[in-house]
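# Working through the structure, step by step
So the chains spell out like this:
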Amino acid sequence: MRNGLHAPHPKEIRLSLNDRTKTNSSMEADSLVLWRRPLITLEYFFRELFILINTGLQRLIAYRVLALTIAVAIIGTAISYYISGPHQQYVHLVVATLAWWGWWVVLGVCSSVGLGTGLHTFLLYLGPHIARVTLAAYECGGLNFPEPPYPNDIICPAEVDPNYAVSIWNIMAKVRVESMMWGIGTALGELPPYFMARAARLSGAGVAELNTDDDSRTGRAKIMVQKLVQRVGFAGILACASVPNPLFDLAGLTCGHFLVPFWTFFGATVIGKAVIKMHLQKMFVIIAFNETLVGQALSWVEKIPYIGPKLEAPLLEFLRNQKARLHKNDSTQIPENQGSVLSNILEKFVLAMVVYFIVSIVNALAQNYSKRVGKKKSKKRE
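Taking an unreviewed UniProt entry as the reference, the protein is identified by name as Vacuole membrane protein 1 belonging to Bombyx mori.

If you want it as structure tokens, here you go:
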């Protein structure tokens, strides 16, 4: 007691110092980005990547039967793939099909993995694939594209099969597998927030993203998603997953925090994303790229003052080149200049998005390792 004031207890001083240390370490981790501290960021990234790979391998080894089955399947497939025989063409077909499906699953995972830092692979890959199939269907008059080269490339068939006539439902069926694989990938990408929140709850810690003190519009939307998932359960998760929802990460965090069973969360997420939402997105793209609507959209672009004609020319050139590629058997329809300004711009845009995604992943893993080191230091001080 001095001048009417109580001296702080040593324990209180220790707690305040720990809180200050945690705040400083969190601020230091957030400032750890490639354009500020490139060498330390890369070092922390590789350290965290090594920890994640090591943890994953240890968990896989814990399930010895599953690990042995995967190893035997990979070795057997590799041997049968290269040994000649009557089985080889079927093995090649199975491997090519699985690789095609796996490509869309990986793109789906990249789209939803991370808290808001995913790569928008629907806009960059799946949406253009559906649009390409739609435009090719209306140009060719049918959907029985020769396989190969489909799905890597599209060429109009010599004769149109009446069973593959052009309709919205047939186009949806043509791209259904790719769309569902992409949807399953997006569901898999939602698992890290779920497991992170579940592990934090079981260890007695909290999740910062579930803080309800934010009074902004985003904060109120977060609270609404949390309450919907918490009160309604499976139906609430299904409703959040069935519509384009940038806050769905919070549904995974909420389910993990309140220890919702895994299959309840994952089952509702797969049904919502791979079945319901994907059919809505497919139908939107197919209707938007109907040949009549595309022509009408180009006429609207032409009417834009000053820049309309300049925008219409590269768009028309791009469409002409795409249509010419569909008739590769007819050499007279293939233009000499296969490229276009629009296609070059799109390629650069996709490349920029991929680079941004890779940089964000490197920064996130480096910051995670920095926080991991900070927690170890704070535990030693305690």
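Continuing now.
## Some thoughts on the overall build of the protein
In terms of regular secondary structure, the protein is built from 15 helices and zero strands. For the protein, the proportion of its 382 residues judged to be buried stands at 31%. Summarising the internal contacts of the protein: among those between residues at least 6 apart in sequence, 67% fall at separations of at least 24. As displayed, the protein has an accessible area near 24000 Å², and 65% of this comes from carbon and sulfur atoms.

## Examining the packing of helix α10 (residues 234-241) against helix α12 (residues 262-288)
As a packed pair, α10 and α12 sit with axes 8 Å apart at the nearest point and diverge in direction by 35°. Classified by chirality, the crossing of α12 by α10 is right-handed. Each of Phe234, Ile237, Leu238 and Ala241 in α10 lies in contact with α12, whose residues at this interface are Thr264, Phe265, Gly267, Ala268, Thr269, Ile271, Gly272, Lys273, Ile276 and Lys277. Grouping the constituent residues of the contact of α10 with α12 by class yields eight nonpolar, four polar and two charged.

## As for the packing of aromatic side chains
Counted under the stated rule, the structure contains 14 aromatic pairs. Between tryptophan 263 and phenylalanine 266, the aromatic rings sit 6.1 Å apart at their centres with planes inclined by 65°, giving edge-to-face as the arrangement. On the criterion of helical spacing, the pair formed by tryptophan 263 and phenylalanine 266 is a turn pair, its members being three residues apart in helix α12. Classification of tryptophan 263 as exposed rests on a relative accessible area of 64%. Through successive ring pairs, a cluster of aromatic residues spans Tyr194, Phe195, Phe262, Trp263, Phe265 and Phe266. Looking at lysine 174, its charged tip hangs above the ring of tyrosine 150, at a distance of 4.7 Å from the centre.

## Notes on the nonpolar core
Trp104, Leu126, Val133, Phe145 and Trp182 are the most contacted members of the largest nonpolar core, which has 25 residues in total. Mapped by element, the contributors of at least two residues to this core are α4 (88-112), α5 (121-140), α6 (168-174), α7 (176-189) and α12. The element contributing the most residues to this core is α5, with eight residues. One finds Leu191, Tyr194, Cys255 and Phe266 within the second-largest nonpolar core, a separate group that totals 11 residues.

## Quick look at the environment of valine 275
One can find valine 275 in helix α12. Spatially, the C-alpha atom of valine 275 lies 9.5 Å from that of arginine 176, the residues being 99 residues apart in sequence. Once residues lying within four places of it in the same chain are set aside, the contact partners of valine 275 are Met180 and Val270.

## Brief notes about a nonpolar patch on the surface
Nonpolar side chains collect at one region of the surface, where Leu42, Phe46, Leu49, Ile53, Leu57, Leu60, Ile61, Tyr63, Leu66, Ile70 and Ile74 lie side by side and expose about 1000 Å² of accessible area between them. Where the nonpolar patch is concerned, the elements lending two or more residues are α2 (38-62) and α3 (64-82). Sort the elements by how many residues they give to the nonpolar patch and α2 lands first, with seven residues. Within the secondary structure, isoleucine 74 sits in helix α3.

Thresholds, definitions, all that
Residues numbered from 1 in each chain as written. Predicted model: local features only at pLDDT ≥ 70, side-chain atom pairs only at ≥ 80, totals over all residues. Heavy atoms only, no water. Helix = DSSP H or I, 4+ residues; strand = E, 2+ residues; numbered from the N terminus. Buried < 20%, exposed > 50% of the residue type's maximum accessible area, 1.4 Å probe, protein only. Contact = heavy atoms within 4.5 Å. Areas by Shrake-Rupley, 256 points an atom, 1.4 Å probe, with all protein chains shown as cover. Axes fitted to C-alpha atoms, helices over the stretch in contact; angles between N-to-C directions. Left-handed = near helix turned anticlockwise from the far one by under 90°. Nonpolar A, V, L, I, M, F, W, Y, C, P; charged D, E, K, R; others polar. Phe/Tyr/Trp six-rings, centres within 6.5 Å; stacked < 30°, edge-to-face > 60°. Lys NZ or Arg CZ within 6 Å of the ring centre and 35° of its normal. Core = buried A, V, L, I, M, F, W, Y, C linked by side-chain atoms within 4.5 Å. Patch = residues over 30% accessible without salt bridge, like charges linked within 9 Å, V, L, I, M, F, W, Y side chains within 5 Å. Salt bridge = Lys/Arg side-chain N within 4 Å of Asp/Glu carboxyl O.

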